[in-house]
Each structure stands twice: as structure tokens, then as C-alpha cells.
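# Observations on chain architecture
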Amino acid sequence: MVFIHSTTSVTPAVDTSLKRSHVDFSRHLSLEARARLPNPIKSIWKVAQVKPGTINMGNGDPHHTLYPICEMNFVVPSIDEHDPVQSWRSGTGEQDVIASFKDEPCTLSLRTAFAYGAGAGLKLVRDTLADLNDRIHSPPNHTVSLSLGNADALTKCFRLLGDPGDSFLCEEFTFSAMTNAALPLGIKWAPIRMDKDGLIPSDLERTLSEWNEATQGKRPHVLYTIPCSQNPTGSTLSLERRQEIYRIAHDWDIVILEDDPYYFLQFDLDVNQSTIQEYGYTRAMADVLPRSFLSMDYDGRVMRLDSFSKIVAPGMRLGWVTSNNFLAEKLDMLTDSSSQHPHGMGQAFIAELFGSGGWGADGFMKWISSLCNEYQRRRDLFMDVFRQKVASSGFATAEVPKSGMFVWIRINLEHHARFSSSQTPTAPGGPTTNTADLMDELFKKLLDSGLVLMPASTFAIVDRTGRTSASHIGDRVNFFRATFVGTDETIRDGLTIFGRTIEEFFCF
Ligand SMILES: Cc1ncc(COP(=O)(O)O)c(C=O)c1O
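Fair warning: this is a prediction, and the values are worked out from it, not measured in the lab.

A separate point is the overall build of the chain. Across its full length, the chain holds 17 helices and 15 strands. A compact globule built from 508 residues would reach a C-alpha radius of gyration of about 23 Å, and the chain, at 24 Å, matches this within 12%. Dimensions along the principal axes, computed over C-alpha positions, put the chain at roughly 80 × 65 × 45 Å. Scored against the burial criterion, the 508 residues of the chain give a buried share of 45%. Sequence separation of at least 24 residues holds for 73% of the intrachain contacts in the chain that already meet a minimum separation of 6.

We now examine the packing of helix 6 (residues 150-161) against helix 13 (residues 325-336). The geometry of helix 6 relative to helix 13 is characterised by a closest axis approach of 10 Å and an angle of 115° between their N-to-C directions. Between helix 6 and helix 13, the angle is such that the two are roughly perpendicular. Of the two elements, helix 6 crosses helix 13, and the hand of that crossing is right-handed. Residues Lys156, Arg159 and Leu160 of helix 6 pack against Lys330, Leu331, Leu334 and Thr335 of helix 13. Within the contact of helix 6 with helix 13, the residues separate by chemical class into three nonpolar, one polar and three charged.

Let us look at the packing of helix 5 (residues 123-136) against helix 14 (residues 344-354). Where helix 5 contacts helix 14, the axes come no closer than 10 Å and their chain directions differ by 50°. Between helix 5 and helix 14, the interaxial angle falls into the category oblique. Viewed along their axes, helix 5 and helix 14 form a crossing whose handedness is left-handed. Residues Leu124, Val125 and Thr128 of helix 5 form the contact with helix 14, whose own contacting residues are Gln347, Ile350, Ala351 and Phe354. Across the contact of helix 5 with helix 14, the residue classes tally to five nonpolar, two polar and no charged.

Let us look at the nonpolar core. One finds Phe168, Leu169, Val222, Leu257 and Ile409 to be the most contacted residues of the largest nonpolar core, which totals 125 residues. The element contributing the most residues to this core is helix 15 (residues 360-389), with ten residues. When residues are assigned to domains, this core turns out to be shared by domain 1 (41-46 + 76-370) and domain 2 (374-507), each giving three or more. When sequence neighbours within four positions are dropped, the list of residues in contact with Val222 reads Leu161, Gly162, Phe168, Leu169, Ile254, Val255 and Leu257.

In this section: the site of the ligand. Neighbouring residues of the ligand: 13 residues in total, closest Gly149, Asn150, Ala151, Ser307 and Ser309. Of the residues in the shell around the ligand, the class split is six nonpolar, six polar and one charged.

Turning to the domain arrangement of the chain, a few remarks are in order. On domain assignment, one finds that the chain holds domain 1 (41-46 + 76-370) and domain 2 (374-507). Put simply, the middle of domain 1 and the middle of domain 2, counted by C-alpha atoms, are 29 Å apart. With 25 residues of domain 1 in contact, the opposing surface of domain 2 contributes 25 residues. At the level of secondary structure, the elements contributing two or more residues to the side of domain 1 that touches domain 2 comprise helix 7 (176-182) and strand 5 (188-192). It is strand 5 that contributes the most residues to the side of domain 1 that touches domain 2, three residues altogether. Class assignment of the residues belonging to the side of domain 1 that touches domain 2 gives a composition of eleven nonpolar, ten polar and four charged.

The next subject is the sheet that holds strand 12 (residues 396-398). Spatial strand order, 12-13-15-14: four strands in an open sheet with antiparallel pairing. The outermost strands of the open sheet, each flanked by one partner alone, are strand 12 and strand 14 (454-455). Here five bridges tie strand 13 (residues 406-411) to strand 15 (residues 479-483), and the two strands are oriented antiparallel to one another. Directly across from Trp408, in strand 15, lies its bridge partner Arg481.

Turning to the sheet that holds strand 4 (residues 167-171), a few remarks are in order. Read across the open sheet, the seven strands follow the order 3-11-10-9-8-4-5; overall the sheet is mixed. Each edge of the open sheet carries a strand with a single partner, namely strand 3 (143-147) and strand 5. The average angle at which neighbouring strand axes cross in this sheet is 20°, direction not considered. Pairing of strand 8 (residues 222-225) with strand 9 (residues 255-259) involves four bridges; the strand directions are parallel. From the neighbouring strand, Thr225 faces strand 9, where its bridge partner is Glu258. Helix-sheet contacts for helix 8 (residues 201-209) involve strand 4 and strand 5, and the interaxial angle to strand 5 is about 135°.

Moving on, we come to unusual backbone geometry. Only a minority of non-glycine residues have a phi that is not negative, and only a minority of peptide bonds are not trans. With omega at 25°, the peptide bond leading from Asn231 into Pro232 counts as cis. As for its position among the elements, Pro232 is in the loop between strand 8 and helix 10 (239-252). At Asn141, a position not held by glycine, the phi torsion is positive, near 50°. Here Asp253, not a glycine, exhibits a phi torsion of approximately 55°, which is positive. Following the sequence through the fold, Asp253 ends up in the loop between helix 10 and strand 9.

Attention now moves to helix 14. With ten of eleven residues buried, helix 14 lies mostly within the body of the structure. Residues Gly344, Gly346, Gln347, Ala348, Phe349, Ile350, Ala351, Glu352, Leu353 and Phe354 constitute the buried set of helix 14. Buried residues belonging to helix 14 abut strand 1 (71-77), strand 2 (95-101), helix 4 (110-113), helix 5 and helix 15.

The buried count for strand 11 (residues 319-323) comes to five of five residues, which makes it a mostly enclosed element. Burial along strand 11 is two-sided: Gly319, Val321 and Ser323 and Trp320 and Thr322, pointing in opposite directions, are all buried. As defined by bridge partners, strand 3 adjoins strand 11 across five bridges and the pair is classed as antiparallel. The residue of strand 11 that forms the bridge with Val144 is Thr322.

What follows concerns helix 12 (residues 281-288). Buried within helix 12 we find Tyr281, Thr282, Ala284, Met285 and Ala286. Against the buried residues of helix 12 lie helix 5, helix 11 (273-279) and helix 15.

Taking burial as the measure, the six residues of strand 13 include five buried ones, the bulk of the element. Of the pairings in the sheet, the one linking strand 12 to strand 13 comprises three bridges and is antiparallel in character. In the sheet register, Thr397 faces strand 13, and the bridge partner there is Arg410.

Parameters at a glance
Residues numbered from 1 in each chain as written. Predicted model: local features only at pLDDT ≥ 70, side-chain atom pairs only at ≥ 80, totals over all residues. Helix = DSSP H or I, 4+ residues; strand = E, 2+ residues; numbered from the N terminus. Rg over C-alpha atoms; globule rule 2.2 N^0.38 Å. Buried ≥ 20, exposed ≤ 12 C-beta atoms within 10 Å, placed from the backbone. Contact = placed C-beta atoms within 7 Å. Axes fitted to C-alpha atoms, helices over the stretch in contact; angles between N-to-C directions. Parallel < 35°, antiparallel > 145°, perpendicular 65-115°, else oblique. Left-handed = near helix turned anticlockwise from the far one by under 90°. Nonpolar A, V, L, I, M, F, W, Y, C, P; charged D, E, K, R; others polar. Core = buried A, V, L, I, M, F, W, Y, C linked by C-beta atoms within 7 Å. Domains from an automatic or database assignment. Near = placed C-beta within 6 Å. Pairing = 2+ DSSP bridges.

Below, the structure is given as C-alpha cells:
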């Protein structure tokens, strides 16, 4: 276990007048998690690990002299460049080579990285990420376990916490790839209303207080939320909303699954140059990055999911889960008996990148800062072209996202000649407009014109039959999710097609 001790002096973001509770997290475990026995081989392996010099004749682990590899070289941008992302993109910057070896000194020997390991991941990599966490979130007494990215971590958390018949809370439009993954486990979703600023705390509280266990089953005990660059709406929760949501979670004994892969991609940050000079990038960035739920988690109810997918590359398949020690142990047991540990190459790369021969944590945060500037430039370009080519017609509007990759574009269907708002619902409480049909038509028209945008209906919560479960949602699927991660050319070309097609759709 890696215990993280707060070293930075960040003021608590949560109301500390709330009394620290001693939550019994065993009540949150699924039957599957309660029934799971530790992987007996891993248990012995852990004992062998703590006694240096022990001869291990017990494992089916190939001997490292038979690994057909002795060295890996990673060519990376030099972090000494003034703006490393720009120099890297333009090919004008210096490059560095950082290396992993099997038989020569380096931060993490390939002997260790390529051997079987514990489900939680290698201690050195976990400690590195625990240190990063500590400097950014200052979480009290949490543990870091590695994952194969947030999708892996989430599906494991669902299994850890959910039983058939349970309802989990989530944003009403959400990353359906993940919420759908919970449905075969028998987990149902209770969607919470959102506005342009994300999940609405008062609707969360209303849902919990009006919950009728006789008709709706067990009251939800898990909230799945994407606080930054919410997928798909692009919204980022304000500090006030986070504090309020945490307070509600505390009052109703809810575990918060904080799925935050876009956390490090924030825009319009006022990074203090003298803090950089005096304390380095990590401190300067920590001062301006949003306060996570983890940073407020004085009673250990947050399972925070971070990923390298959006800040290094998705093929890394590496992330980290930060949670209380009890839940971390249960999660590690699940990993020990399923996917085992994350792959060695990813761990070796991160170890060297953060190590003394690589960028170090501060260099990594310099890269992040530079990456934020580049994504912000793309967002600004997207919004400029969007205003000129699309919004100028009045047929579509969009909020400017504060983080991440997504723009949530509202199609102003009420201006369409064939829009109807007085349909008789096919089911009680069903849609009263033809929004879904018109959006389907527009989606197909865009596709024919050579542009893919993700329709909101893709992200609406569905039940196991694939039907949307929130009755009001059918009238509110008049949005598309667009991303601004592409090149300047694709942004300009894509939005030109969008502008032309939407005018045709509305005017003919
Ligand atoms: C909100 C959200 N969660 C999880 C994931 C999956 O991330 P990973 O690549 O770390 O598995 C994504 C990827 O797009 C995402 O948008």
C-alpha cells in the first residue's frame, strides 16, 4: 500500500465544519466483491517481495535472461524547450532519448517491468503517481493502484460496487460506452439533470430525497460523474457545485466515481510565472487546476480515476485509481484475479519519463502546461470558425468549453419549419416533440455531406432494452458533440460542411 501524506499547503475546498465521518465502506461492496478470495499465488508473491534475497522457486515466471529484449529507447521532446509542444509539432525542437535497460542502471529495470507483478502495479510507478497526486490534490490517506486506463478502472469499480438491481446516479448525458457496460451487471442508471455548467446539485439531492425504495428499489449509493470536460457536454463543474455535490454525497453516504481523464487539459489558466521560477511547474499548475473531488475527500468516499490516454496517448492503456485503502485493496484483488497488472512497457516508459534521466514530474507538468495552450488554441480556432460558419445563421449555438476536447452544439430546432411541439406521447411522460426524428434526419444529411458529429441521443441514458430511461430526454436531444482535437484544416473544413448543411436543412 502506498499511503499519501499531504505536503502542500492548499486550503481545503470543502466545508471543514462538516464532521469527519467513519464510513463503513463494506456496505458499498457488491456481493461479488464480498465473495472474492484473494489470488493465493499473488498473496505468496507479496510475502516473497518483502524479503530481499529470498529464492523464488514458486512462480511460473520466465527467467529474465530469457526475455528477448535488453533495452528500450524512447525518443521524446526535450522539455528544456520554451514551449515543448509547439517545438515538437513543428519539428524544430531538440529531442531526448531516455532508455530502459534490463541489465544496466535505469529508473525501472526491465527485469522488474517485464516480470509478473501485483495487480496494483509496480511500487515505483505507484509511488511516482502518488507523489503527483499529493502535489496536486493533497488527498488525505489514499492509495494509488494502476489501471489499464479509465475504461478498465470504471468497469472494475462497477463490479466492485454494484449488484443486480442497484441504481447508480450519473449525468443525464454521459459517456455511454461506460454506462452501457454496467447494464449487463444488472445496474440501472438514475440520470441527474444538467445545465450548461454540468450536473445540477439540487436535482441530485431531489432525486435522493424523493427516492422511493418500495417502487424504485434500493436508494443509489454510487455517483458516476465526469467533472471536467464532461463527455459529451464539455461542461466543467465549478468549485461551488463540487462542494455541494460532495456535501450531498456525504449526507447520503454516496461513493463518488470521479472519472477525470480530461482534468489536465484546462484552458485560460492564469499560471503564475514567478511561482514557476520559484517552485516549478507542478506547484504553479496545482495552484490553478480545478479542485478535484479527491482533494475534498476527508471521509474517503471518492474513487478518482486518472488516465494517460488524453495527455500521453490512448494506446498507453495506463491510468491510476486513487481511493481509500479499503476499496483499493478490494480493487487490487479484482485486478489480481482478472487482468492482472498493467503492461510492463507502459510502466517502464512512465518510470523513465518521470525519473531523473527523463522529464521528472516538473518537466511532465511543463508538457501539460504547453499541451493546455495548444488545445486552447484549437478550441479558440474552432469557436471562431463556428461563429462565422455555423452560429451566424442562428440555427446552432454552443458554449465555450473551459477544458478538454468537446463542444456541445445546440441545434435550434424550434426555428425549423417542420418542428412540432404538440405530439401526443406514445408512452406516459414520453416526448412531445419531433426533436429525435429531426436530429436523426440532420445527422444523416451531415453524414452524406462527409461530416460525422455525435448525436446527443448516443449519450442519453438507456435501460437494458436500449430504451432511454428518462422520459423528458427525447425532447432534449437537440445537440451534437463535436471535438476540436483535429488539425486546423479539419476544423475549418468540417465546420464549413456543417454550416452549409445546416442551412440547407433549415431552409429547404
Ligand atoms: C469520460 C471518459 N471516461 C473514460 C474514458 C476512457 O479512457 P481510457 O482511455 O483511459 O480508458 C474516456 C475516453 O474517451 C472518457 O471520455
